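Residue-level listing of the chains:
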Amino acid sequence: GYRVSLQGNFFGRNHTYMTFPEYNPRKHIKLDPPLNIQSNATASKCQIWWSLWNVPWYLADILQYELQYKEYSMSWEVALNKTLSSSLPRVEIEATELRSGIAYAARVRWKVSENENSYHSQWSEWSQTTVFQRADVPKVSEKILNTKTMQFLLIPLSFGTLLYLFWNCKLSSRYCCFLTLGQKASPALTFPRQLLSFSHSIVCTMGILR
């Protein structure tokens, strides 16, 4: 440790005052505020991170952080505070904690962790702020949704109709085999023509829906 004293000349006399009989610099640390704070917001979360380059290397792994964020138009007096449990210089805010369409401002400060016995410090000043806004969740177009629904409904309906026409065509062919007196009807002139015409309509309808 060190002995810190204050000397001064008062009323023409020199005086020495003992300020700290045993001063340990490790127990009286105040760091500069975090630098280069940045943010990136999506529809699900907001990521905030900052730089450690102005922190001594032997303190980088034993730091404790406090995050403060608020709506941009509000005062810092009503801001939300979060003491972070991780020693990593980043944090995530879930989208459920943010209002859609509202801009937010955030800042951070740090100190040596209270669980550390070798060093002790007070909170640094707050960093500069970063501004972010939660991204809106993309909405599915009702028109696209309705088109997809019609396509899914039309496929089994078309298949069932084709199966029905094929079955009737087969029965008609068997029936024509029993016709006499040269009045045998050609199946190709009856149901197959209807089948081809219906199939063409289905293909055209599917093309329009796409």
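Structure first, text after, so check above.
Below you will find a few notes about this structure. Just so it is clear, the model here is predicted, and its values are computed rather than measured.

**Structural notes on the environment of V55**
Thought 1: Residue placement: V55 occurs in the loop between strand 4 (45-51) and strand 5 (63-71).
Thought 2: Note on V55: relative accessible area 10%, which makes it buried.
Thought 3: When the C-alpha positions of V55 and P34 are compared, they lie 8.6 Å apart, and in sequence the two are 21 residues distant.
Thought 4: Residues in contact with V55, not counting those within four places in the same chain, are A60, L63 and W110.

**Regarding the sheet that holds strand 5**
Thought 1: Spatial strand order, 6-5-8-9: 4 strands in an open sheet with antiparallel pairing. Either end of the sheet is taken by a strand with one partner, and the two such strands are strand 6 (80-84) and strand 9 (130-133). Across the sheet, the mean angle from the axis of one strand to that of its neighbour is 30 degrees, orientation sign disregarded.
Thought 2: Pairing geometry for strand 8 (residues 103-112) and strand 9, over 4 bridges, is antiparallel.

**Side note on the nonpolar core**
Thought 1: One finds I48, W50, L59, L67, I93 and F132 to be the most contacted residues of the largest nonpolar core, which totals 24 residues.
Thought 2: Counting residues per element, the ones that place at least two in this core are strand 4, strand 5, strand 7 (90-94) and strand 8.
Thought 3: Counting residues per element, this core draws most heavily on strand 8, which supplies 5 residues.
Thought 4: The contact partners of I48, leaving out residues within four places of it in the chain, are I37, Q38, S39, L67, P89, R90, V91, I93, A106, T130 and F132.

**A short note on the sheet that holds strand 4**
Thought 1: Pairing is antiparallel in the open sheet, where 3 strands are placed in the order 3-4-7. Looking at which strands have only one partner, the edges of the open sheet turn out to be strand 3 (35-41) and strand 7. Averaged over neighbouring strand pairs, the angle between their axes works out to 15 degrees when direction is ignored.

**As for a nonpolar patch on the surface**
Thought 1: On the surface, L6, F10, F11 and Y17 cluster together into a nonpolar patch covering about 510 Å² of accessible area.
Thought 2: Position of F10 among the secondary structure elements: in strand 1 (residues 2-10).
Thought 3: Since its relative accessible area comes to 41%, F10 is described here as partly exposed.

**Describing the pattern of salt bridges**
Thought 1: Enumeration over the complete set of coordinates arrives at 6 salt bridges.
Thought 2: Linking E125 and K30 is a salt bridge whose minimum nitrogen-to-oxygen distance equals 2.8 Å. Highlighted residues: E125 in the loop between strand 8 and strand 9 and K30 in the loop between strand 2 (13-23) and strand 3, separated in sequence by 95 residues.
Thought 3: Overall, K30 belongs to the partly exposed group, its relative accessible area being 42%.

**Structural notes on the packing of aromatic side chains**
Thought 1: On inspection of all chains with the given rule, the structure shows 5 aromatic pairs.
Thought 2: Between W50 and Y65 the ring centres are 5.2 Å apart and the planes differ by 65 degrees, which places this aromatic pair in the edge-to-face class. Taken as a pair, W50 in strand 4 and Y65 in strand 5 lie far apart in primary sequence, 15 residues in all.
Thought 3: Three or more aromatic residues joined by ring pairs make a cluster, and in this case those are W50, Y65 and W110.
Thought 4: Here the basic side chain of K70 rests over the ring of W76, its NZ or CZ set 4.8 Å away from the ring centre.
Thought 5: Here the guanidinium or amino end of R107 rests over the ring plane of W76, the centre of that ring lying 4.0 Å away.

**Section: unusual backbone geometry**
Thought 1: Although it is not a glycine, N36 adopts a positive phi angle of roughly 55 degrees.
Thought 2: Relative to the helices and strands, N36 resides in strand 3.
Thought 3: Classification of N36 by relative accessible area gives exposed; the value is 51%.

Definitions and cut-offs
Residues numbered from 1 in each chain as written. Predicted model: local features only at pLDDT ≥ 70, side-chain atom pairs only at ≥ 80, totals over all residues. Heavy atoms only, no water. Helix = DSSP H or I, 4+ residues; strand = E, 2+ residues; numbered from the N terminus. Buried < 20%, exposed > 50% of the residue type's maximum accessible area, 1.4 Å probe, protein only. Contact = heavy atoms within 4.5 Å. Pairing = 2+ DSSP bridges. Axes fitted to C-alpha atoms, helices over the stretch in contact; angles between N-to-C directions. Core = buried A, V, L, I, M, F, W, Y, C linked by side-chain atoms within 4.5 Å. Patch = residues over 30% accessible without salt bridge, like charges linked within 9 Å, V, L, I, M, F, W, Y side chains within 5 Å. Areas by Shrake-Rupley, 256 points an atom, 1.4 Å probe, with all protein chains shown as cover. Salt bridge = Lys/Arg side-chain N within 4 Å of Asp/Glu carboxyl O. Phe/Tyr/Trp six-rings, centres within 6.5 Å; stacked < 30°, edge-to-face > 60°. Lys NZ or Arg CZ within 6 Å of the ring centre and 35° of its normal.

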